[in-house]
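# An overview of the molecular structure
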Amino acid sequence: MTVSKVLDYAQPSLQGSLRIPGDKSISHRSIMFGAIAEGTTTVEGFLQSDDCLSTIDCFSKLGVKISVDGENVSVHSNGMDAWKEPDEILYTGNSGTTTRLMLGILAGSSISSVLIGDESIQKRPMKRVTDPLKLMGASFIGRESGQYTPIAIEGTKLQGITYKMPVASAQVKSAILLAALNAEGETVVIETETSRDHTEKMLQHFGATISVEDKTIRFKGGQTLTGTHVVVPGDISSAAFFLVAGAIVPNSKLTLQNVGLNETRTGILDVLQAMNAKITIQALNNVSHEEIGDITVETSTLKSSVISGDLIPRLIDEIPILALLATQATGKTIIKDAEELKVKETNRIDAVVNELKKLGATISATADGMVIEGPTPLHGGDLKTYGDHRIGMMAAIASLITSSAVTIDNEACIAVSYPNFFEQLATIVK
Ligand code: S3P
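Keep in mind that this is a model prediction, so the values were computed, not measured.

This next bit is on helix α11 (residues 348-358). Looking at α11, one finds that the buried residues are Arg348, Ile349, Ala351, Val352, Val353, Glu355 and Leu356. Two or three places before isoleucine 349, at the start of α11, stands the capping residue asparagine 347, its side-chain oxygen 3.0 Å from that residue's backbone nitrogen. Two residues or fewer past α11, glycine 360 is found with a positive phi of approximately 100°.

What follows is about the site of the ligand. Surveying the vicinity of the ligand reveals the residues Ser25, Arg29, Thr97, Arg100, Ala168, Ser169, Ala170, Gln171, Arg196, Ile316, Asp317 and Lys344. Residue aspartate 317 places a side-chain N or O atom 2.7 Å away from an oxygen atom belonging to the ligand. Within the side chain of lysine 344, a nitrogen or oxygen atom sits 2.7 Å from an oxygen atom of the ligand. When the ligand sits alone it has 390 Å² of accessible area, and the protein chains cover 94% of it.

This next bit is on the layout of surface pockets. By volume, the largest pocket amounts to about 590 Å³. As for the largest pocket, its lining consists of 34 residues, and the residues nearest its centre are Ala168, Ser169, Ile316, Glu340 and Lys344. Listed by contribution, the elements that provide at least two residues to the lining of the largest pocket are α1 (24-36), α3 (96-107) and α6 (170-180). Grouping the constituent residues of the lining of the largest pocket by class yields nine nonpolar, eight polar and 17 charged. For the lining of the largest pocket, the domains that each give at least three residues are domain 1 (5-22 + 234-428) and domain 2 (24-231). The calculated volume of the second largest pocket comes to roughly 330 Å³.

With that settled, the discussion passes to the domain arrangement of the chain. Many authors give the size of an interface as the accessible area that is lost as the parts come together. Looking at the chain, the domain boundaries give domain 1 (5-22 + 234-428) and domain 2 (24-231). At the interface, 26 residues of domain 1 touch 30 residues of domain 2. Residues aspartate 317 and arginine 196 are paired through a salt bridge, measuring 3.2 Å at the closest nitrogen-oxygen approach. Counting across the interface, domain 1 meets domain 2 through 16 residue pairs in polar contact (both at pLDDT 80 or more). Considering only residue class, the side of domain 1 that touches domain 2 consists of eight nonpolar, eight polar and 10 charged.

All right, on to the environment of phenylalanine 59 then. As for its placement among the helices and strands, phenylalanine 59 is situated in helix α2 (residues 50-61). With near-sequence residues (within four places) excluded, phenylalanine 59 lies in contact with Ile31, Met32, Ala35, Val64, Ile66, Trp83, Met102 and Ile105.

A sheet is described by the order of its strands in space; here three strands give the open sequence β1-β25-β24, paired in mixed fashion. Two strands lie at the open edges of the sheet, namely β1 (5-7) and β24 (381-383), each paired on one side alone. Across the sheet, the axes of successive neighbouring strands diverge by a mean angle of 20°, strand direction being ignored. In terms of strand pairing, β24 meets strand β25 (residues 406-408) through three bridges, oriented parallel. Looking at the pairing, leucine 383 lines up with isoleucine 408 of β25.

This part takes up the nonpolar core. Phe242, Met370, Ile397 and Phe421 are the most contacted members of the largest nonpolar core, which totals 75 residues. A per-element tally of this core places helix α8 (residues 236-248) first, with 10 residues. Sequence-distant contacts of isoleucine 397, that is, excluding residues within four places in its chain, are made with Phe241, Phe242, Ala245, Ile248, Ile321, Leu324 and Phe421.

To continue, consider the packing of α3 against α6. Contact geometry for α3 and α6: axes closest at 7 Å, N-to-C directions at 30°. By the angle between their axes, α3 is roughly parallel relative to α6. Of the two elements, α3 crosses α6, and the hand of that crossing is right-handed. From α3, Gly96, Thr97, Arg100, Leu101, Gly104 and Ile105 reach across to α6, where they touch Gln171, Ser174, Ala175, Leu178 and Ala179.

All right, on to the pattern of salt bridges then. Note on pairing: side chains with opposite charge can pair once their charged atoms come close. Throughout the structure, instances matching the rule amount to 22 salt bridges. For arginine 128, the salt bridge identified is with glutamate 340, shortest N-O distance 2.9 Å. Pair noted here: arginine 128 is in helix α4 (residues 127-135) and glutamate 340 is in the loop between β21 (331-335) and α11, with a separation of 212 residues, a long-range link. You can call arginine 128 buried: its relative accessible area is 17%. Within this structure, Arg124, Arg196, Asp317, Glu345, Arg348, Asp388 and Arg390 form a network of salt bridges that share partners.

Turning our eyes to something else, we now look at the packing of α8 against helix α10 (residues 319-327). Between α8 and α10, whose axes approach to 9 Å, the crossing angle comes to 5°. Classed by the angle they form, the pair α8 and α10 counts as roughly parallel. Contacts between α8 and α10 pair Ala240, Phe241, Val244, Ala247 and Ile248 from the former with Ile321, Leu324 and Leu325 from the latter. By residue class, the composition of the contact of α8 with α10 is eight nonpolar, no polar and no charged.

Conventions adopted
Residues numbered from 1 in each chain as written. Predicted model: local features only at pLDDT ≥ 70, side-chain atom pairs only at ≥ 80, totals over all residues. Heavy atoms only, no water. Buried < 20%, exposed > 50% of the residue type's maximum accessible area, 1.4 Å probe, protein only. Helix = DSSP H or I, 4+ residues; strand = E, 2+ residues; numbered from the N terminus. Polar contact = N/O pair within 3.5 Å; in protein donor to acceptor, adjacent residues only side chain to side chain. Near = heavy atom within 4 Å. Areas by Shrake-Rupley, 256 points an atom, 1.4 Å probe, with all protein chains shown as cover. 1 Å grid on protein atoms, 1.4 Å probe; cavity = no way out; pocket = protein on both sides within 12 Å on 5 of 7 lines; lining within 4 Å. Points joined across faces, edges and corners; volume = space filled by probe spheres on them. Nonpolar A, V, L, I, M, F, W, Y, C, P; charged D, E, K, R; others polar. Domains from an automatic or database assignment. Contact = heavy atoms within 4.5 Å. Salt bridge = Lys/Arg side-chain N within 4 Å of Asp/Glu carboxyl O. Pairing = 2+ DSSP bridges. Axes fitted to C-alpha atoms, helices over the stretch in contact; angles between N-to-C directions. Core = buried A, V, L, I, M, F, W, Y, C linked by side-chain atoms within 4.5 Å. Parallel < 35°, antiparallel > 145°, perpendicular 65-115°, else oblique. Left-handed = near helix turned anticlockwise from the far one by under 90°.

Here it is as structure tokens:
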């Protein structure tokens with residue numbers, strides 16, 4: 001059931017500190033790697049969001065023992081050979097990461113299974129994953145030659161491949177690397193642009209050897225992963241909403257604690273700095289092969305920027321909220337090379353442009369991005385989320401600077417990545 005929400009903030013200022021919830025990409029991987037590994041894996045700071053719970057649900061159906069106690073999760077496995085063939089369809093909900101990485105994992109297992117996702121997942125392209133996996137010997141049956149779920153997977157023996165990635169996608173790269181774990185020989189993945197590297201880092205954390213030289217990744221099959229302790233950093237893609245809020249809401253100063261600062265994810269910080277936002281980073285640390293730190297942001301006088309090229313994979317999920325930021329910056333912000341936005345939870349080029357226009361923004365869609373002219377005062381309106389968590393949160397942050405109320409049509413979709421978003425927001429609105 002979808003429930004709408006009215007957001008009416010009378011000229012707020014934002015003050016205080018937030019502990020940003022766990023990284024979604026790393027939370028998924030902690031369960032997947034724990035299930036593949038032999039022994040017990042304990043996870044601290046796990047993101048208990050709808051997407052990550054879909055991953056837990058899939059592995060529970062494979063017979064992996066997983067216990068969840070808030071942000072602490074433990075995974076007990078005797079390795080993939082001990083998994084049971086599921087007697088139910090594996091449901092991946094709204095989660096692209098669950099769907100695509102599971103295809104890679106299950107392709108080289110010894111079991112048969114069927115994957116299906118929600119309405120959005122059923123429209124998202126899977127051939128980008130099933131094509132390279134088929135080159136490794138994988139066996140799939142899915143709609144339009146393995147393009148869409150439901151997809152049936154017959155686990156089989158795989159061979160290593162050399163694969164040049166046609167798109168910058170960590171989900172595709174990770175699916176291949178996870179399949180490679182069970183493949184004979186070496187797998188080489190060559191990226192055109194570097195995408196998030198949590199899989200490479202976590203493979204090392206679980207005891208595997210992987211070589212990464214510039215954009216070439218080499219990984220030998222047949223390695224055994226060993227259960228370990230994983231500390232999940234806060235998600236910079238969730239922090240992004242409050243980084244932008246702190247910069248655009250008058251008289252604000254926010255500190256966001258425990259934020260993952262892996263450089264394949266920090267494109268948003270580069271853009272904020274280029275647009276003149278006042279941000280400082282402190283308390284740098286390293287947890288489970290990942291950098292973390294605290295970020296402070298203050299109300300800023302912003303200027304426009306061009307966001308393109310190899311920056312795009314480093315901030316792909318932050319583009320909706322960066323578009324809102326650009327409406328408050330002087331000049332023309334151009335976002336290009338971001339065609340991938342069309343195949344996210346919804347077509348995010350159309351969604352962002354349509355919804356920000358309703359609030360009075362000067363924004364237009366292009367073939368591979370959008371152009372935004374600012375600064376523009378925004379007014380209220382009735383916004384659609386398209387069931388997309390990041391569009392919902394962008395609308396909520398926009399409502400902090402609109403002259404009247406914003407209504408969003410679906411509050412629940414935000415739980416896909418940030419279940420306590422509104423509770424945290426309430427603590428900093430003054
Ligand atoms: C993710 C990779 C990205 C990102 C998604 C999470 C991951 O998707 O947009 O939210 O965890 O590997 P693509 O691989 O499609 O770029």
